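Here is what each chain is made of, one letter per residue.
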Amino acid sequence: MPQLVVLTGAGISAESGVPTFRDADGLWEGHHVEDVATPEAFERDRPTVQRFYDARRAALAGVAPNPAHQALADLERAVGEDLLVITQNIDDLHERAGSRHVLHMHGELLKALCRTCGGRYAWDGELVSEPGCPGCGVADLRPDVVWFGEMPYELDRIAAALSKADLFVSIGTSGAVYPAAGFVQHALMYGARTLELNLEPSEGSHLFHEARHGRAGDLVPAWVREVLAG
């Protein structure tokens, strides 16, 4: 079976009701990005940043995986470790659909990161009350989310996967945020076929061998059926 690497972005979760990264007015759920998604914002106004992510964490209970998430989980069940999903999303919808081989390059909303000991812990409660770290006890937890100016997770592992991919598929991404926007070029450099599945052409759409445009909930299940049909 070919090695399949799939990159997912905000577009796949938007169909489940998860707000996309930024609205047309440049705000992120009513906040300027620089006020809730930078290390400087956390230093400047820790309670506001904690409340923002506490609310987003709580809201995950009200959304569910959609047919695109389910189709990728079905594909993994068929091909096993030959499929790797790299997601820019911080929700847990891939896992709730049944996917197990998932890399969260921008962190996870359902984890907390201790700035004192560096531990990363499963976390489904709030952080605004400044609870102690499960590891070291110090009250220095923050959302385990990669903010602007910080290094995404697992870049070495991602680069290795892209270098071995036979097919790279980008789903629901803008093609504007690096380093993820450069993954298609990395895959092409090593000879992979490339496919874009997106609501509309991304900024890097011209780089793909093939691009299909429409709702992820329609496109992804159709593509998975093609793969499984051989």
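What you see is a predicted model; the values in this text were computed from it and never measured.

Thresholds, definitions, all that
- Residues numbered from 1 in each chain as written.
- Predicted model: local features only at pLDDT ≥ 70, side-chain atom pairs only at ≥ 80, totals over all residues.
- Heavy atoms only, no water.
- Pairing = 2+ DSSP bridges.
- Helix = DSSP H or I, 4+ residues; strand = E, 2+ residues; numbered from the N terminus.
- Axes fitted to C-alpha atoms, helices over the stretch in contact; angles between N-to-C directions.
- Contact = heavy atoms within 4.5 Å.
- Core = buried A, V, L, I, M, F, W, Y, C linked by side-chain atoms within 4.5 Å.
- Buried < 20%, exposed > 50% of the residue type's maximum accessible area, 1.4 Å probe, protein only.
- UniProt positions renumbered as here; feature names shortened; annotations may be inferred.
- Parallel < 35°, antiparallel > 145°, perpendicular 65-115°, else oblique.
- Left-handed = near helix turned anticlockwise from the far one by under 90°.
- Nonpolar A, V, L, I, M, F, W, Y, C, P; charged D, E, K, R; others polar.
- Expected span 1.5 Å × (residues − 1).
- Disulfide = S-S within 2.5 Å.

**Student:** Let's hear about the sheet that holds strand β7 (residues 120-122): which residues, and what values?
**Tutor:** In space, the three strands of this open sheet follow the order β7-β6-β8, with antiparallel pairing throughout. Taken across any chain shown, the strands that pair with only one partner, and hence form the sheet edges, are β7 and β8 (141-145). For this sheet, the mean angle separating the axes of adjacent strands, direction not counted, is 45°. Two strands pair when backbone bridges link them, and strand β6 (residues 107-114) and β7 are joined in this way by three bridges, in the antiparallel orientation. Paired with Ala-112 across the strands is Tyr-121, a residue of β7. Across the face of the sheet, helix α4 (residues 46-59) comes into contact with β6 and β8 while running at roughly 50° to β8.

**Student:** Residue-level account of the nonpolar core, with values.
**Tutor:** One finds Val-6, Leu-75, Val-169, Ile-171, Leu-197, Val-220 and Trp-223 to be the most contacted residues of the largest nonpolar core, which totals 22 residues. Sorting the residues of this core by element identifies β1 (4-8), α5 (67-79), β4 (83-87), β9 (167-171), β10 (193-198) and α9 (216-229) as the ones contributing at least two each. Apart from the residues lying within four places of it in its own chain, the contact partners of Leu-75 are Leu-4, Gly-80, Leu-83, Trp-223, Val-224, Val-227 and Leu-228. Of all hydrophobic cores here, the second largest spans 17 residues; its members include Leu-7, Ile-86, Met-105 and Ala-180.

**Student:** Hey, could you go over the sheet that holds β4 for me, with residue numbers and the actual values?
**Tutor:** Ordered by their spatial adjacency, six strands build an open sheet running β5-β4-β1-β9-β10-β11, and the pairing between neighbours is parallel. Unpaired on one side and paired on the other, β5 (102-104) and β11 (210-213) mark the two borders of the sheet. Strand-to-strand, the axes of this sheet are offset by a mean angle of 15°, without reference to chain direction. Relative to β10, β9 is paired through five bridges, and the arrangement is parallel. Considered in β10, the bridge of Val-169 is made with Leu-195. On top of the sheet, α9 reaches β1, β9, β10 and β11; it is set at about 150° to β10, its chief contact.

**Student:** Give a detailed account of the UniProt feature "binding site: substrate" (unreviewed entry) in the protein, specifying residues and quantitative values.
**Tutor:** Those residues carrying the UniProt feature "binding site: substrate" (unreviewed entry) are Tyr-53 and Arg-56 in this numbering. Position of Tyr-53 among the secondary structure elements: in helix α4. Residue Arg-56 is classed as buried on the basis of its relative accessible area, which comes to 11%.

**Student:** Go over the pairing of β6 with me, naming the residues and quoting the values.
**Tutor:** Buried residues dominate β6, accounting for six of its eight residues. The pairing of β6 with β8 spans five bridges and is classified as antiparallel. Bridge pairing in β8 links Ala-112 to Pro-143.

**Student:** Give me the packing of α5 against α9: which residues, what numbers.
**Tutor:** Two elements in contact, α5 and α9, have axes whose closest approach is 7 Å; the angle formed by their N-to-C orientations is 15°. With respect to their mutual orientation, α5 and α9 come out roughly parallel. Once α5 is placed against α9, the crossing between them reads as left-handed. Where α5 abuts α9, its residues Pro-67, Ala-68, Ala-71, Leu-72, Leu-75 and Ala-78 lie against Ala-216, Gly-217, Val-220, Pro-221, Trp-223, Val-224, Val-227 and Leu-228. Residue composition of the contact of α5 with α9, grouped by class: 13 nonpolar, one polar and no charged.

**Student:** So what's going on with α5? Which residues, and what values?
**Tutor:** When the terminal C-alpha atoms of α5 are compared, their 18 Å separation across 13 residues agrees well with the 18 Å that a helix rising 1.5 Å per residue should span. Turning to α5, its buried residues number three or more, namely Ala-68, His-69, Ala-71, Leu-72, Ala-73, Leu-75, Glu-76 and Val-79. Tucked inside the fold, the buried residues of α5 contact β1, α1 (10-14), β4, α6 (93-97), β9 and α9. Backbone geometry just downstream of α5 places Gly-80 in the positive-phi region, at approximately 65°.

**Student:** Would you mind going over the state of the cysteines in detail, with residue names and values included?
**Tutor:** This model, assessed by the stated rule, comprises zero disulfides. The structure places no disulfide on Cys-117, whose sulfur is separated from the nearest cysteine sulfur, that of Cys-114, by 3.7 Å. Classification of Cys-117 as partly exposed rests on a relative accessible area of 41%. There is no disulfide at Cys-133, and the cysteine sulfur nearest it, in Cys-114, is 3.7 Å away.

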